[in-house]
Amino acid sequence: MDLLFAKLILNKFVKKNGFTLIELLIVISIISILSMIGFVTYTSVLKGGRDAKRQADLHSIQSALEQYRADAGSYPASLPPVGSSFKSPDNSKTYLNQMPEDSLGNQYLYTPPGASCLQTYILCAEVENTGSLANRCCLPGDSCSPIEDTSGPLKYYCVGPP
């Protein structure tokens, strides 16, 4: 009986190793919150990178269009398909080796001069971070009125002749 009593007293004063359920839940909650913050930040950085690529693509197409106009005297009626080269009308000069493609598969919108009420071209891309690059522009078939979507932020980045 004395041995059993000694074990009970010894177990009462000896600290047990391990974590309580509350401690584990608090640590798991903190790790989850930090993971979500990291994920949201990561996706916004990816969107910003894709938007920067779209902006660079539009400026390279804009440069090619200006070179085309300098050689041919006018802008083309349409752009070549994605992946093909952009050449002069007589195929003697290449302006772009490969027409760029939007990273999400969306096609860049090109409205040539004379379409709707345009005196010159407009080249647009849909952006993901609507506040970063988006600007007001005309899109094909909208009678040359700027995008006035009051339900949310602007979604397009557009360029025209410099």
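The following refers to the structure shown.

Cut-offs and rules
- Residues numbered from 1 in each chain as written.
- Predicted model: local features only at pLDDT ≥ 70, side-chain atom pairs only at ≥ 80, totals over all residues.
- Heavy atoms only, no water.
- Buried < 20%, exposed > 50% of the residue type's maximum accessible area, 1.4 Å probe, protein only.
- Helix = DSSP H or I, 4+ residues; strand = E, 2+ residues; numbered from the N terminus.
- Pairing = 2+ DSSP bridges.
- Salt bridge = Lys/Arg side-chain N within 4 Å of Asp/Glu carboxyl O.

**With respect to the pairing of strand β5 (residues 156-159)**
Item 1. Residue alternation in β5 divides its side chains into two sets, Tyr156 and Cys158 and Tyr157 and Val159, and both sets are buried.
Item 2. Here strand β4 (residues 122-126) runs beside β5; their pairing, made up of 4 bridges, is antiparallel. Within the sheet, the bridge partner assigned to Glu126 lies in β5 and is Tyr156.

**Regarding the pattern of salt bridges**
Item 1. Under the counting rule described, the total for this entry stands at 6 salt bridges.
Item 2. The residue Arg50 makes a salt bridge to Glu128 at a minimum N-O spacing of 2.7 Å. Separated by 78 residues along the polypeptide, Arg50 in helix α2 (residues 21-72) and Glu128 in the loop between β4 and β5 bring together distant segments of the chain.
Item 3. A salt bridge links Glu128 to Arg54, with the nearest nitrogen and oxygen atoms 3.1 Å apart. You can see Glu128 sitting in the loop between β4 and β5 and its partner Arg54 sitting in helix α2, a full 74 residues away along the chain.
Item 4. Take Arg54: its relative accessible area is 2%, and that puts it in the buried class.
Item 5. It is possible to trace a salt-bridge network through shared partners that takes in Arg50, Asp51, Arg54, Asp102 and Glu128.

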